[in-house]
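Spelled out, the chains give:
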Amino acid sequence: MKAIILKKPGDFAIEEIPTPQPKADEVLLRIITSGICVNDVRDFKGENKHSFPRIGGHEFCGVIEKLGSEVDPKKFPVGQKAVQYVIDSCRTCYLCRRGEENICLNMAHSKTLQNPDGLSGYGGFAEFIAVKAEELLLYPDSADFERMAFTEPLACVVNSVNHADIRFGDDVLVIGGGTMGLLHVLLSKKRGARVILSEPMKERRKKALNLGCDIAVDPKLIEHKADVVFDTTPIPAVAKQAIELTKPGGVVMMFSSIHPNTPVEVDLGKVHSLQKKIIGSVNSTAADFQQAVLLIGKKIIDPTPLIEKIFPFEKFGEAIETAARPDTYKVILNFSN
Ligand SMILES: [Zn+2]
Ligand SMILES: [Zn+2]
């Protein structure tokens, strides 16, 4: 099979490597589409501490190609559309045991991040991947691969929105109108909120309004305080502003990682006296993944307006450059030709 191998920052090659053979409890998935995440861009730029060589891509989907000897073909029919729950959690630490496998204690040792003996990475930038059958989530035949590629990013937003506990009639402020910001807009609308987007780019504000966002404003003019504030930007100064824009009794969600991660000064006296909740959200649980599959599979959420461009995987160089531009939405690789 062909795979996109990142040898070191900025240096990739599309190579022919052996197609993995599924072990007894595994399924071979033929990858059709694979979204490029900001984390793949950071790997490419050398901003993450992951080991090389690496096959990135954790926003992939495809069809079941072949089953390991112990996998039940009634549960996992060949030809069925599917995605993998990509978080490589240990299933045995106390956080995994209480359903928070997205913050598994042993994640740092996962080969998806570090592999001194060979390839690291989630493996989604390749024509095939062998995954444990129990990690697969199935899609109905009516699902299409462009939408299915949004499963992982949407699952992260499901985790964020579920933790924020939006009530009917709340004002929700989403800071940042990129792909993740607009997914927050879409899910918050489903929760019965009035949704306000803070975003400097006019085009992005327009897109948000077209997607059903109630109000879209330039950050310089923002005066709305909100019951729930989602910060989807990596900028420390914006995190500080997000806390200040949270109403008494409200929730501020630190959805994005902070880059560079410089500490933010917070008026904790106000957090106390106004009973604000500052919380974080990272990755997604298997339950969040299942919810994302249902949202996309039942067409409750349509992420297609958030597709910037679909590239054949052979054009990875052009694709990653497009994904790295700050003004673009989701870039997807197509492996199906
Ligand atoms: Zn991602
Ligand atoms: Zn664990």
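What counts and how
- Residues numbered from 1 in each chain as written.
- Chains lettered and ligands numbered in written order.
- Predicted model: local features only at pLDDT ≥ 70, side-chain atom pairs only at ≥ 80, totals over all residues.
- Heavy atoms only, no water.
- Helix = DSSP H or I, 4+ residues; strand = E, 2+ residues; numbered from the N terminus.
- Buried < 20%, exposed > 50% of the residue type's maximum accessible area, 1.4 Å probe, protein only.
- Contact = heavy atoms within 4.5 Å.
- Lys, Arg positive; Asp, Glu negative; His and termini not counted.
- Charge placed at Lys NZ, Arg CZ, Asp CG, Glu CD.
- Domains from an automatic or database assignment.
- Buried area = accessible area lost by both parts, 1.4 Å probe.
- Salt bridge = Lys/Arg side-chain N within 4 Å of Asp/Glu carboxyl O.
- Polar contact = N/O pair within 3.5 Å; in protein donor to acceptor, adjacent residues only side chain to side chain.
- Nonpolar A, V, L, I, M, F, W, Y, C, P; charged D, E, K, R; others polar.
- Pairing = 2+ DSSP bridges.
- Axes fitted to C-alpha atoms, helices over the stretch in contact; angles between N-to-C directions.
- Donors = N, O, S within 2.8 Å, 3.2 Å for Na, K, Ca; no water.
- Tetrahedral: all angles 85-135°; square planar, octahedral: opposite > 155°, others 65-115°.
- Parallel < 35°, antiparallel > 145°, perpendicular 65-115°, else oblique.
- Left-handed = near helix turned anticlockwise from the far one by under 90°.

Engineer: Help me out: how do you make sense of the overall build of the protein in this one?
Structural biologist: Each helix and strand counted, the protein has ten helices and 15 strands in total. Overall size of the protein, expressed as C-alpha extent along the three principal axes, is 60 × 40 × 40 Å. Expressed as a percentage of its 337 residues, the buried residues of the protein come to 54%. Of the contacts made within the protein by residues no fewer than 6 positions apart, 67% connect residues no fewer than 24 positions apart. Distance from the positive charge centre (42 side chains) to the negative charge centre (43 side chains) of the protein: 3 Å.

Engineer: So what exactly am I meant to see when it comes to the domain arrangement of the protein here?
Structural biologist: The figure often quoted for interface size is the accessible area lost as the parts come together. The assigned domain composition of the protein is domain 1 (2–86 + 122–150 + 303–334) and domain 2 (157–280). Measuring from the centre of the C-alpha atoms in domain 1 to the corresponding centre in domain 2 gives 29 Å. Contact residues are listed per partner, giving ten residues for domain 1 and twelve residues for domain 2. Carbon and sulfur atoms supply 61% of the area buried between domain 1 and domain 2, which totals about 940 Å² over both sides. Inspection of the domain 1/domain 2 interface yields zero salt bridges. Between the two partners, domain 1 and domain 2, sit seven residue pairs in polar contact (both at pLDDT 80 or more). Its residues assigned to classes, the side of domain 1 that touches domain 2 shows six nonpolar, one polar and three charged.

Engineer: Would you mind showing me how to read the sheet that holds strand β12 (residues 246–254) here?
Structural biologist: Strand pairing in a sheet takes place through backbone hydrogen bonds and is either antiparallel or parallel in direction. Ordered in space as β10-β9-β8-β11-β12-β13, the six strands form an open sheet in which the pairing is parallel. Two strands bound the open sheet, and with one partner strand each, they are β10 (215–217) and β13 (277–280). Looking at each pair of strands side by side, their axes are set apart by 20° on average, direction ignored. On the sheet, helix α6 (residues 202–210) packs against β9 (194–198) and β10 and is oriented at approximately 175° with respect to β10.

Engineer: Would you mind going over the coordination of the zinc ion (ligand 2) with me for this structure?
Structural biologist: The textbook angles at a metal center are 109.5 degrees for a tetrahedron of four donors and 90 or 180 degrees for an octahedron of six. The protein atoms that coordinate the zinc ion (ligand 2) are Cys90 (SG), Cys93 (SG), Cys96 (SG) and Cys104 (SG), at distances spanning 2.3 to 2.4 Å. Note that the zinc ion (ligand 2) binds four donor atoms; their angles at the metal cover 101 to 118°, and the shape is tetrahedral. As a motif over one chain, the donors of the zinc ion (ligand 2) read C-x2-C-x2-C-x7-C. In this structure, Cys96 and Cys104 share a single accessibility class: buried.

Engineer: Looking at this structure, how should I read unusual backbone geometry?
Structural biologist: Most peptide bonds adopt trans geometry, and most residues besides glycine take a negative phi value. Between Phe52 and Pro53 the backbone carries a cis peptide bond, its omega angle lying at 0°. Within the fold, Pro53 resides in the loop between α1 (38–45) and β4 (59–67). The backbone of Asp165 shows a phi angle near 55°, a positive value even though the residue is not glycine. In this structure, Asp165 sits in the loop between α4 (151–164) and β8 (171–175). Even without being glycine, Gln275 reaches a positive phi, approximately 50°. Here Gln275 lies in the loop between α8 (268–273) and β13.

Engineer: Sorry if this is basic, but what is going on with the coordination of the zinc ion (ligand 1) here?
Structural biologist: Taken together, Cys37 (SG), His58 (NE2) and Glu59 (OE) make up the full set of protein donors to the zinc ion (ligand 1), lying 2.2 to 2.5 Å away. One chain supplies every donor to the zinc ion (ligand 1), and in sequence these donors are spaced C-x20-H-E. Highlighted residues: Cys37 in the loop between β3 (26–36) and α1 and Glu59 in strand β4, separated in sequence by 22 residues. A relative accessible area of 12% places Cys37 in the buried class. On the basis of relative accessible area, Glu59 is assigned to the buried category, the value being 2%.

Engineer: Sorry if this is basic, but what is going on with the pattern of salt bridges here?
Structural biologist: Side chains that carry opposite charge are capable of pairing whenever their charged atoms lie near each other. For the structure on display, the rule yields 21 salt bridges. One salt bridge connects Arg147 with Asp144, and the closest N-O pair in it is separated by 3.2 Å. For Asp144, a relative accessible area of 25% corresponds to the partly exposed category. For the salt bridge of Arg205 with Asp218, the shortest nitrogen-to-oxygen distance reads 3.6 Å. In this pair, Arg205 sits in helix α6 while Asp218 sits in the loop between β10 and β11 (226–231), placing the two residues 13 residues apart along the sequence. Across this residue pair, the class does not change: Arg205 and Asp218 are buried.

Engineer: Help me out: how do you make sense of the packing of α4 against helix α5 (residues 179–190) in this one?
Structural biologist: Between two packed helices, what matters for the description is the angle formed by their axes and the separation of those axes. Contact geometry of α4 with α5 gives a least axis separation of 10 Å together with a crossing angle of 55°. Between α4 and α5, the angle falls in the class oblique. For α4 against α5, the interelement crossing comes out right-handed. Across from Pro153, Leu154, Cys156, Val157, Val158, Ser160 and Val161 in α4, the residues of α5 making contact are Met180, Leu183, His184 and Leu187. Taken together, the residues of the contact of α4 with α5 sort by class into nine nonpolar, two polar and no charged.

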